[in-house]
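One letter stands for each residue in the lines below.
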Amino acid sequence: MTLPPPIKVEVMTRRPSPEPPAVVPLSTTDPLVRHLADRWGGPAGEHLRAPDSTGRRGSSWWTIPRILMLLTTVAIVLSVLSSQYCRLNGWGGVGVYHYGCYSDVAALWGTRDFAQTPWAPFSEQHHTFEYPALTMVFASLVAAVTHALDTLTGGYWGERTGLLYWDLTFLLAALAWMILVLATMKAARHRPWDAVIVAVSPAIIFGIGINWDIFPAAALALAVLFAQRRRWGLAGVMIGVGVSFKLYPLFMLGALVTLAARHYLRGDTEGTDDDVDLPALGWFTGSMVLTWGVINVPVMLISFESWARFFEFSAERGAGYSSIWHVWMTLGETGPSAETVSLWSFLLFAAACVGVFAVGLSAPVPPRMVQLLLLIVAAFMVFNKVYSPQFMIWLVPLIALAVPRVRDVVIWHAFQVLHFWAIWMHLADIVGDYQPQHSFDPNLYVAAAIGHMAATGYICAIVVRDIYRPEHDVVRATDPRTSLPPEGTGEAGSVPSTNTPPTGTRTADTSSTGTSSAGTGKLRT
C-alpha cells in the first residue's frame, strides 16, 4: 500500500516585537571600571541576569533609575555642604572665595534689587538684569515666593531673605538635576549607567549653586532625548525653553543642520537614529521659534529695554575671567579692546562651526548628533569672551552621551575642579588685602585656566577620533542594533542589525585581548 505524500503545512509566525536593548554593564566595556571591578568580584559575566526595560533585575527593588536618584541625592547633599559656609555667614566678603561658595544668585538678590521688589528686572527704575527672558521670569517668580514666605512668617527671615532666596533656587535646581540625570539615562539607551557621570559629577556639585545653568542643561538633555525618539516638535519646544534661559542650547540646531546636509549630500543617514530631513528640521525649528516667541514676546512688551539688556551686555562686555582673552591680558598685562575681543571671538567660533560641519560631512559613517553638539558647545566655551566656573555644567551630560569613557571623564573633571578653585583664589587675591607671600600666584591661575581649556580640547579630540574611526566609539561599538565597517576600510554606512540578541544573552570577554563581545562591534581598549 502506497502512502500519499505528506501534506506540507506552512505555519505563519508573527514577527516578535523588538525587545529593548540589553543594558551594557560598564565593567564589560570600560577598561578603568573593569580594572577596578577586579577588586569587588570582577566584571559582569555572561550569566549575569540582565534587567528588564524598567531596569529591574529579578525581584530587586533597586532599579537603575532608583539607584541613579539615590546617587544624585547624595551629590545634592554634598553640594549643599560645600556651600554651608556661605549659608551660615552670608555671601559677602572674601570668605566666599576661600570656601568656594560664591553665588550669582545670592549676590544678585541685593545688587539687582530683588530684595526691594521681585519684579525688579522688568522695571526701568531698578538695576537692569543682564540675563535672557526666562531667567528674568524664573528669578522674579522665586523672588516673589521668597517675599511671600517672609510675609507669611511675620518677617521671620528678616535680613536672611537672601538665604531663603538661594535655598528656594537651589531646591528647584536640585529637581532640575534629577530630571537631567533621568533624561541622560533614557538618551543613553543601552548604556543607562553612563548617567552616573551626571549624577555624581563634581562639576555639577560645585557649580549648581552659582547660577541658573542647570535649567538649560536639563532642557537640552530633554531635547536630545526627544530628537532620538523623533519627536521633533517636543525637541524644538525644549530648545526654545533652553535658549530662553541661556544661549547655548541653540547650538543643537547646528548639529541637526549638519546631519540634514549629510542626508541630502551623501544619502547614508536614512534608517539611522540620527537621520534628519527637511520636514524634521522644519518641525524642530518652527516649534523652537514659536516657543521662544511665546516666552520672549510678553517680556518685550512689558519692557523692551530690560529684555534687550542681555544682548547689549553680551555685545559690550570685554574679556572675562578664565577665557583665552583674559589669559592673554594676564600674561601680557595689556590686551585687545572689547570690540576686538567680540570680533575675534565670533570669527573663531564661526570657523569652528564650519569645521564641525566639514567633519559631519566627511566622516566615514554618519556621526551621532550628540557628538556634533558637544563639539559646537565646546568651541563656544573655549572661544567665548568669558568662561564662568559654572559653564562646566554644560558639557557634563554631553560628555556622558558622546564620550562616556571613565578615564577621560576623570581627566576632564580634574582640570575643571582645579580651575574652579584657582579662579576663586585668584579673585580672593584681587579682592583681599594680602602680602605677596600670602597671595595666590597669578601664574598658577593662568596655568589652571589653560588646563581647563586644554582638557576640553582633549575631549573634543577624542570625539573627532571616534567620528572618523567609529570602531573606537564605545557607544556605537556596544549598540546591538549597529554594525560597524571593518577597521581601516573607510566604508560608509551604519546598518541596523536584525539579529539583536535578547536581553540577558550578553557575554563579556575579559581576557588579555581587551575586547568585549557586547554588541556586534569590536571594542578596542
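Let us look at the structure shown here.

Calculation criteria
- Residues numbered from 1 in each chain as written.
- Predicted model: local features only at pLDDT ≥ 70, side-chain atom pairs only at ≥ 80, totals over all residues.
- Heavy atoms only, no water.
- Phe/Tyr/Trp six-rings, centres within 6.5 Å; stacked < 30°, edge-to-face > 60°.
- Helix = DSSP H or I, 4+ residues; strand = E, 2+ residues; numbered from the N terminus.
- Buried < 20%, exposed > 50% of the residue type's maximum accessible area, 1.4 Å probe, protein only.
- Expected span 1.5 Å × (residues − 1).
- Bend = angle between axes of the 7 residues up to and from the residue.
- Contact = heavy atoms within 4.5 Å.
- Disulfide = S-S within 2.5 Å.

### With respect to the packing of aromatic side chains
This structure, assessed with the given rule, holds 32 aromatic pairs. Pairing Trp 91 with Trp 166 gives two aromatic rings, centres 5.4 Å apart and planes at 35°, and the pair type is tilted. Placement of Trp 91 in the loop between helix H4 (84-89) and helix H5 (95-98) and of Trp 166 in helix H8 (residues 161-187) is noted, with a sequence separation of 75 residues between them. An identical accessibility class is assigned to Trp 91 and Trp 166; each is buried. Taken together, a centroid distance of 6.2 Å and an interplanar angle of 20° make the contact between Phe 380 and Trp 394 stacked. Within this pair, whereas Phe 380 is found in helix H18 (residues 369-383), its partner Trp 394 is found in helix H19 (residues 392-402), the two being separated by 14 residues in sequence. You can call Trp 394 buried: its relative accessible area is 4%.

### Concerning helix H15 (residues 304-316)
With 13 residues, H15 ought to run about 18 Å at 1.5 Å a step, and its terminal C-alpha atoms sit 18 Å apart, in line with that. Largest kink in H15: about 35°, centred on Phe 310. Residues of H15 that are buried: Ser 306, Trp 307, Ala 308 and Phe 310. Next to the buried residues of H15 lie helix H7 (133-152) and helix H14 (278-302).

### Some words on helix H16 (residues 324-332)
Residues Trp 325, His 326 and Val 327 constitute the buried set of H16. Residues of H16 that are buried make contact with helix H17 (338-362), H18, helix H20 (406-431) and helix H21 (442-468).

### A few points about the state of the cysteines
Throughout the structure, instances matching the rule amount to one disulfide. At a sulfur-sulfur separation of 1.9 Å, the disulfide partner of Cys 86 is Cys 101. Residues Cys 86 and Cys 101 share a disulfide whose torsion about the S-S bond is about 70°; that sign makes it right-handed. Placement of Cys 86 in helix H4 and of Cys 101 in the loop between H5 and helix H6 (104-111) is noted, with a sequence separation of 15 residues between them. Judged on exposure class, the residue Cys 86 and its partner Cys 101 are both buried.

None of this, on its own, says anything about what the molecule does.
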